[in-house]
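For reference, the chains in residue letters:
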Amino acid sequence: MRFLGIDWVGVNPENGQKLLLSLAFVMIVVVVSRVLRWLVGVILRNTDTAGLQTKFWTRQGISLLSAVILILGLLSIWFSDPTRLATALGLVTAGLAFALQQPVTAIAGYFVVLRGSTFNVGDRISMGGVRGDVLRLGFIQTTIMEMGQPPSVQGADPAMWVKSRQFTGRIVTVSNSKIFSEPVFNYTRDFPFMWEEMAIPITYEADRAKVEAILLDAARAFAGSERDIAADAKADMETRFGVDPIDLDPKVFFRITDNWLELTVRFIVTTHRIRAIKDAMSRQIIAALDEANIGIASATYDIVGLPPVELRRGTNPG
């Protein structure tokens, strides 16, 4: 093809026609895909959790279908000869496998997430060293609303200023390839509850039965119990994973130490309300302990004896 006085290598009327057709095809598919995703968002705008999951999977299906149509359409436009198509695919696949290892692995991770139901949008997960709620699942990356870390792991990287499991305000993107190299912790997928513990140290002279009753009352008032969880959900958990019958009611455990008696109350809570529940329990426990005149033990020491001290009035030699 001659243009501006130059013979352009590899460009001829046939290729030009294919290029224009490809551009038009890509624009049509992209526009239709975005319109369909927008319609899904409008139809399922004000829905419950199940509706949000439906919107997410519908949009994912539209994206996948659009990608497949784009690939098949472009291949059909540019490679009408099956022999040339097979050769081109072999070369492209070899080049991608070598030059784009991480992106290819991330795309493979995307399909593993979809196939294995590793997590959904809205799930609270820990992936690639980041813990938080999943905002978006893309072909290459997963977008997470980051949460803070508990005080016990505040020194871990990356540095965080929120000392509890609440949002920090940072939006983090994690490569989907992480699912092949690191464990993914899902806090909500199969069982949207977590067991938590609160430990209270008391002296050995304190009324331990009263303290145990105070801890149990606080746990029953604010945390979950077997009555709060559907029987079928508990049975499904036990059947699918082969665990022993799960005891969901709060319990108090004693531990003897050199300095005090430690009472630990174990209870079950919903994943997204842990800090609020523990705060309410702490307030009730402190008030009840004050009312019962029971103090919390601390690492203080009593001086049980002193050597005799003799004071003498000095005389002035002058």
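Coordinates for the structure precede this section.
The model shown is predicted, which means the values in this text are computed figures rather than measured ones.

This part takes up the overall build of the protein. When helices and strands are tallied, the protein shows eight helices and 10 strands. Taking all 318 residues of the protein together, the buried fraction comes to 31%. If you take every contact in the protein between residues at least 6 apart in sequence, the share linking residues at least 24 apart comes to 64%. As presented, the protein carries roughly 20900 Å² of accessible surface, and 61% of it is formed by carbon and sulfur atoms.

Ordered by their spatial adjacency, three strands build an open sheet running 8-10-9, and the pairing between neighbours is antiparallel. Of all the strands in the sheet, just strand 8 (193-202) and strand 9 (251-256) have a single pairing partner and so form its edges. Strand-to-strand twist in this sheet, taken as the mean axis angle between neighbours without regard to direction, amounts to 25°. In this sheet, strand 10 (residues 261-270) lies alongside strand 9 in antiparallel orientation, the contact comprising six bridges. Looking at strand 10, one finds that K251 is bridged to R266. Most of the contacts of helix 6 (residues 208-222) go to strand 10, to which it runs at about 10°, and overall it touches strand 8, strand 9 and strand 10.

With that settled, consider the nonpolar core. Core analysis: the largest hydrophobic core is formed by 26 residues, its most contacted members being L215, V265, F267 and M281. Elements represented by at least two residues in this core include exactly strand 8, helix 6, strand 10 and helix 8 (274-291). Beyond its immediate sequence surroundings of up to four residues, V265 is in contact with E196, E197, M198, L215, A219, K251, V252 and M281. In terms of nonpolar packing, the next biggest core, distinct from the first, is built from 13 residues, F56, F119, V174 and I179 among them.

Side chains of I28, V31, V32, V35, L36, W38, L39, V42 and I43 sit close together on the surface and give an oily, nonpolar patch of about 830 Å² of accessible area. If you trace the backbone, V32 turns up in helix 1 (residues 13-43).

What follows concerns unusual backbone geometry. A positive phi angle is found at N293, which is not glycine, with a value near 60°. Counting through the fold element by element, N293 comes out in the segment after helix 8. The exposure class of N293 is exposed, given its relative accessible area of 72%.

Moving on, we come to the pattern of salt bridges. All told, the structure shown has seven salt bridges when counted by the stated rule. We note a salt bridge from D133 to R124, for which the minimum N-O separation is 2.8 Å. On the basis of relative accessible area, D133 is assigned to the buried category, the value being 10%. Overall, R124 belongs to the buried group, its relative accessible area being 7%.

In this section: the packing of aromatic side chains. A complete count under the given rule lists two aromatic pairs for this structure. Measuring from centroid to centroid gives 5.4 Å for Y110 and F111, while their planes differ by 80°, and the two rings are edge-to-face. Judged by relative accessible area, F111 falls into the partly exposed class, the value being 43%. Between Y110 and F139, the aromatic rings sit 4.8 Å apart at their centres with planes inclined by 55°, giving tilted as the arrangement. Of this pair, Y110 sits in helix 4 (residues 101-116) while F139 sits in the loop between strand 4 (130-137) and strand 5 (141-147), placing them 29 residues apart in sequence.

Quick look at empty space enclosed by the protein now. Here the structure, examined in full by the defined rule, presents one cavity of 30 Å³ or more. The space that makes up the largest cavity amounts to roughly 30 Å³. Considering the residues around the largest cavity, the lining is formed by R124, R131, M147, R165, Y187, M194, T271 and I274. For the lining of the largest cavity, the per-class residue count stands at four nonpolar, one polar and three charged.

Before going further, it helps to spend a moment on helix 4. Here helix 4 is 16 residues long and its end C-alpha atoms lie 22 Å apart, about the 22 Å a rise of 1.5 Å per residue gives. Inspection of helix 4 places A106, G109, Y110, V113 and L114 among the buried residues, and these make up the whole buried set. Projected onto a plane normal to the axis of helix 4, the buried residues spread over an arc of 135° and lie on a single side.

Before going further, it helps to spend a moment on the pairing of strand 8. In terms of residue burial, strand 8 counts as a mostly covered element, since seven of its 10 residues are buried. Alignment of strand 8 against strand 10, held across 10 bridges, turns out to be antiparallel. Residue pairing for strand 10: P201 is matched across the bridge by E262.

A word on the environment of A106. With respect to the helices and strands, A106 occurs in helix 4. For the pair A106 and T142, spaced 36 residues apart in sequence, the C-alpha to C-alpha distance is 9.8 Å. When near neighbours in sequence (up to four residues on either side) are disregarded, A106 contacts F139, I140, S175, N176 and S177.

Reading the values: the criteria
Within every chain, residues take consecutive numbers counted from 1 along the sequence as written. Two thresholds apply to this predicted model, a pLDDT of at least 70 for residue-level local features and 80 or more for giving and counting side-chain atom pairs, whereas whole-chain, interface and lining totals are computed over all residues. Only hydrogens and water are set aside when side-chain values are computed; all heavy atoms of the structure are taken into account. Strands here mean DSSP runs of E at least two residues long; helices mean DSSP runs of H or I at least four residues long; both are numbered from the N terminus. Relative accessibility decides the category of a residue: with a 1.4 Å probe and only protein chains considered, values under 20% of the type maximum give buried, values over 50% give exposed, and everything between is partly exposed. Only heavy atoms matter for contacts: two residues are in contact if any of them lie within 4.5 Å across the pair. Surface accessibility in these figures is a Shrake-Rupley result with a 1.4 Å probe; residues are shielded only by whichever protein chains are displayed. DSSP bridges decide pairing: two strands pair if at least two such bridges lie between them. Axis definition: a line fit to C-alpha positions, over the contact stretch in the case of helices; interaxial angles, taken between N-to-C directions, run 0 to 180 degrees. To form a nonpolar core, buried Ala, Val, Leu, Ile, Met, Phe, Trp, Tyr and Cys residues must be joined to one another through side-chain atoms within 4.5 Å. Only residues above 30% relative accessible area that lack a salt bridge enter a patch, with like-charged residues linked at up to 9 Å and the nonpolar side chains Val, Leu, Ile, Met, Phe, Trp and Tyr linked at up to 5 Å. Whenever a carboxyl oxygen of Asp or Glu lies within 4 Å of a side-chain nitrogen of Lys or Arg, that contact is scored as a salt bridge. Note on aromatic pairs: the rings of Phe, Tyr and Trp (six-membered ring only in Trp) are paired at centre separations within 6.5 Å, and the planes decide the class, stacked below 30 degrees, edge-to-face beyond 60, tilted for the rest. With a 1 Å grid laid over protein atoms only, a set of points is called a cavity when a 1.4 Å probe fits there but cannot get out and a pocket when it is open yet has protein on both sides within 12 Å along at least five of seven lines; lining residues have an atom within 4 Å of a point. Grid points are joined across faces, edges and corners, and a volume is the space filled by probe spheres set on the points. For this scheme, ten residues count as nonpolar: Ala, Val, Leu, Ile, Met, Phe, Trp, Tyr, Cys and Pro. Four count as charged, namely Asp, Glu, Lys and Arg, and the remainder, Gly too, count as polar. What a helix should span is 1.5 Å times the count of its residues minus one. By construction, the arc corresponds to the directions joining the helix axis to the C-beta atoms.

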